[in-house]
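A closer look at the structure
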Amino acid sequence: MRHFICLLMFFLFSFYAFAEGSKVSEVRFEGLKKTKESYVQKLLEKYTGMEEENVDIKEIETLLQAQGLFSEINVSLSSEGDETPHTVIVVKVKEKITFLPLPFASYSSDGFMGGFMLMNMNAFGKKYTLVGGGVFSPSVQTGMLAFSKPAVDIRHPGLSFYTSLSRKNLKFLDFAGNTVMDNKYFTAAADLSVSEKLLPFFTCSIGSHFDMADVLETDDYPALYQWAGTMSFSLQNVDWNGWYLISQSANLRGELGWSSDEKLIGGCSFKGELQIPFVPRIRGILSGSGAFTYNQNEVFWLSKSSGGSSILDSKFRTDFIAGTSFTVEIALLKRKFGTVSLYGSYEYVIAHDFDDTFKSASGPGFGGKLYLQQVAFPAVVMGAAYNINRNKWQYVISVGVNF
């Protein structure tokens, strides 16, 4: 009887252990060189202690692809241990080039622009971003410095800082392309914010912003200053499908402050994007964005990028703009050097014009992109867009960093 009871207890214990399954004892990385293991371990810490059957390999790959640090990622499960079996998540990676002195150039409807950037997209091995350099064209000369630390979770907040000094020929156009302002300015800007990742898909930030503009070659106009506090909320979900990092995102940002001409100023902006994979190499992108400013001087008004527009003049300025577009992108080929794609789009935009009326425009666009596999920033973008209302083309060819 005693032997029978012992045998029964052993059987029940074995059955319980089998039913419970093997648990993940560790996440093991192979191939890390510049990236700190402590940083990527934080990203995957929830998997330690998880039942093997609950581990989603595709989810792990998506989390790592979203970092933009690795050109190759291979995730596998390994069973180890004889007496007490356990599971190890083995992640083999190959890092991208993240530190690069990078010259760049572009030619567009506005002419030539070039410059030089010293970029480190993985500073200190923790995905901190450090960028410094200059942008030069016949109408703009800018020096800039930027630093950002990503928010990992609620215990590890993020930090970002940006500053720039510029000498600009600010030529502003109305919706029809007529010149409404043409002056040379010295400008300065600075932005500081702290962000908190409250949930894996939800981030909020709070900060402050400063702008200054001083007309050159005349003393008839006083220098303009404005300060504002800012707050933003971001939602984002990503999924790696082998060709693209498919994203659904929304961002809302507001600001409130004071200007040197003793006015209360404010503004708000929104951007949302829904990416839909029709098949792995073809995706649709539905996007919408808009912004408005309150009591801000025309020098600090919004450009076409605030409405996500590519068909308007780059020198157009407004205090209100909103736009939407739908894009289809097709990846033609994927090789070791990168991925080549073509895209076609159609957009609609509405804006408040200088004559105090609202005007709209629409039109198609097309182009091509090269996503480099081994480098953590854009490489080549070529595109053109047609404004049906004005019967005018806008185009850009950019090599290096895409601005």
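Presented here is an overview of the structure given in this document.

Each value, and the rule that gives it
- Residues numbered from 1 in each chain as written.
- Predicted model: local features only at pLDDT ≥ 70, side-chain atom pairs only at ≥ 80, totals over all residues.
- Heavy atoms only, no water.
- Pairing = 2+ DSSP bridges.
- Helix = DSSP H or I, 4+ residues; strand = E, 2+ residues; numbered from the N terminus.
- Axes fitted to C-alpha atoms, helices over the stretch in contact; angles between N-to-C directions.
- Contact = heavy atoms within 4.5 Å.
- Phe/Tyr/Trp six-rings, centres within 6.5 Å; stacked < 30°, edge-to-face > 60°.
- Buried < 20%, exposed > 50% of the residue type's maximum accessible area, 1.4 Å probe, protein only.
- Lys NZ or Arg CZ within 6 Å of the ring centre and 35° of its normal.
- Salt bridge = Lys/Arg side-chain N within 4 Å of Asp/Glu carboxyl O.
- Core = buried A, V, L, I, M, F, W, Y, C linked by side-chain atoms within 4.5 Å.
- 1 Å grid on protein atoms, 1.4 Å probe; cavity = no way out; pocket = protein on both sides within 12 Å on 5 of 7 lines; lining within 4 Å.
- Points joined across faces, edges and corners; volume = space filled by probe spheres on them.
- Patch = residues over 30% accessible without salt bridge, like charges linked within 9 Å, V, L, I, M, F, W, Y side chains within 5 Å.
- Areas by Shrake-Rupley, 256 points an atom, 1.4 Å probe, with all protein chains shown as cover.

Strand pairs in the sheet, formed through backbone hydrogen bonds, run parallel or antiparallel to each other. What the three strands build is an open sheet, ordered β1-β3-β2; its pairing is mixed. In the strand order of this sheet, the two ends are held by β1 (24-30) and β2 (70-80), each with one partner. Within the sheet, the average angular offset between the axes of one strand and its neighbour, ignoring direction, is 15 degrees. Packing of helix α3 (residues 57-65) onto the sheet brings it into contact with β1, β2 and β3 (86-95), and relative to β2 it is tilted by some 145 degrees.

So, about the pairing of strand β7 (residues 140-149). As defined by bridge partners, strand β6 (residues 128-136) adjoins β7 across eight bridges and the pair is classed as antiparallel. Across the sheet, valine 135 pairs through a bridge with threonine 142, a residue of β7. As judged from the ten bridges shared by β7 and strand β8 (residues 158-173), these two strands associate in the antiparallel manner. Within β8, the position partnered with leucine 145 by the bridge is threonine 163.

Following the criterion strictly, the structure yields twelve aromatic pairs and no others. Here phenylalanine 124 and tyrosine 128 contribute two aromatic rings whose centre-to-centre distance is 5.6 Å and whose plane-to-plane angle is 70 degrees, an arrangement assigned as edge-to-face. Residue phenylalanine 124 is classed as exposed on the basis of its relative accessible area, which comes to 59%. On the basis of relative accessibility, which here comes to 15%, the residue tyrosine 128 falls in the buried class. Measuring from ring centre to ring centre gives 5.9 Å for tyrosine 128 and phenylalanine 147, while their planes differ by 85 degrees; the resulting arrangement is edge-to-face. Here phenylalanine 147 lies in strand β7 and tyrosine 128 lies in strand β6, a separation of 19 residues in the sequence. By relative accessible area, which is 23% here, phenylalanine 147 ends up partly exposed. Grouped by ring-pair contacts, the aromatic residues Phe124, Tyr128 and Phe147 constitute a single cluster. The ring of tryptophan 243 carries the charged tip of lysine 334 above its face, separated from the ring centre by 5.8 Å. A cation sits over an aromatic face here: lysine 369 above tyrosine 343, 5.5 Å from the ring centre.

Here we take up the pattern of salt bridges. With the rule as written, the count across this model stands at 13 salt bridges. Between aspartate 313 and arginine 390 there is a salt bridge, with the nearest N and O atoms lying 2.3 Å from each other. Taken together, the residues span a long stretch of sequence, with aspartate 313 in the loop between β14 (282-294) and β15 (320-334) and arginine 390 in the loop between β18 (380-387) and β19 (392-399) at a distance of 77 residues. Where salt bridges share partners, they join Glu45, Asp153 and Arg155 into one cluster.

Further remarks concern the environment of leucine 170. Counting through the fold element by element, leucine 170 comes out in strand β8. In this structure, the C-alpha to C-alpha distance between leucine 170 and valine 299, residues 129 residues apart in sequence, is 8.1 Å.

Once that is clear, we can look at the nonpolar core. One recurring pattern in soluble globular proteins is that nonpolar side chains are buried together. Core analysis: the largest hydrophobic core is formed by 18 residues, its most contacted members being Phe29, Leu44, Ile60, Leu64, Phe70, Ile89 and Val91. Among the secondary structure elements, those contributing two or more residues to this core are β1, α2 (37-43), α3, β2 and β3. With residues up to four places along the chain from it excluded, the contact list for isoleucine 89 reads Val24, Glu26, Val27, Arg28, Tyr47, Val55, Ile60, Val75, Ser76 and Leu77. With eleven residues, the next largest nonpolar core counts Leu302, Ile311, Leu312 and Ala385 among its residues.

This part covers the environment of glycine 308. Looking at the secondary structure, you find glycine 308 in the loop between β14 and β15. We classify glycine 308 as partly exposed; its relative accessible area is 42%. Residues glycine 308 and tyrosine 371, 63 residues apart in the sequence, show an inter-C-alpha distance of 21 Å. Each residue touching glycine 308, except ones within four places of it in the same chain, is listed here: Ser289 and Glu347.

Before going further, it helps to examine empty space enclosed by the protein. Inspection of the entire model under this criterion finds one cavity of 30 Å³ or more. Here the largest cavity is characterised by a volume of approximately 40 Å³. Around the largest cavity, the lining residues are Leu224, Tyr225, Gln226, Ser259, Ser260, Asp261, Ile265, Asn295, Gln296, Asn297 and Phe300. By residue number, the principal contributor to the lining of the largest cavity is strand β11 (residues 224-240), which donates three residues.

Time to look at a nonpolar patch on the surface. Judged by side-chain polarity, Leu130, Leu145, Leu159, Phe161, Leu192, Val194, Ile206, Met231, Phe233, Leu252 and Phe270 come together as a nonpolar surface patch covering roughly 930 Å² of accessible area. Those elements that place two or more of their residues in the nonpolar patch are β8, β9 (179-199) and β11. Relative to the helices and strands, leucine 192 resides in strand β9. The exposure class assigned to leucine 192 is partly exposed, which follows from its relative accessible area of 40%.

In the sheet, β9 pairs with strand β10 (residues 202-215) via 14 bridges, with the strands oriented antiparallel. Looking at β10, one finds that alanine 188 is bridged to methionine 212. Counted along the chain from β9 to the antiparallel partner β10, the turn is two residues long. Where β10 lies against β11, twelve bridges are found, and the strand directions are antiparallel. Considered in β11, the bridge of threonine 203 is made with serine 234.

This brings us to the side chain of serine 259. With respect to the helices and strands, the residue serine 259 is situated in strand β12 (residues 245-259). Residue serine 259 is classed as buried on the basis of its relative accessible area of 5%. Beyond its immediate stretch of four places on either side in the chain, serine 259 contacts Tyr225, Gln226, Trp227 and Ile265.

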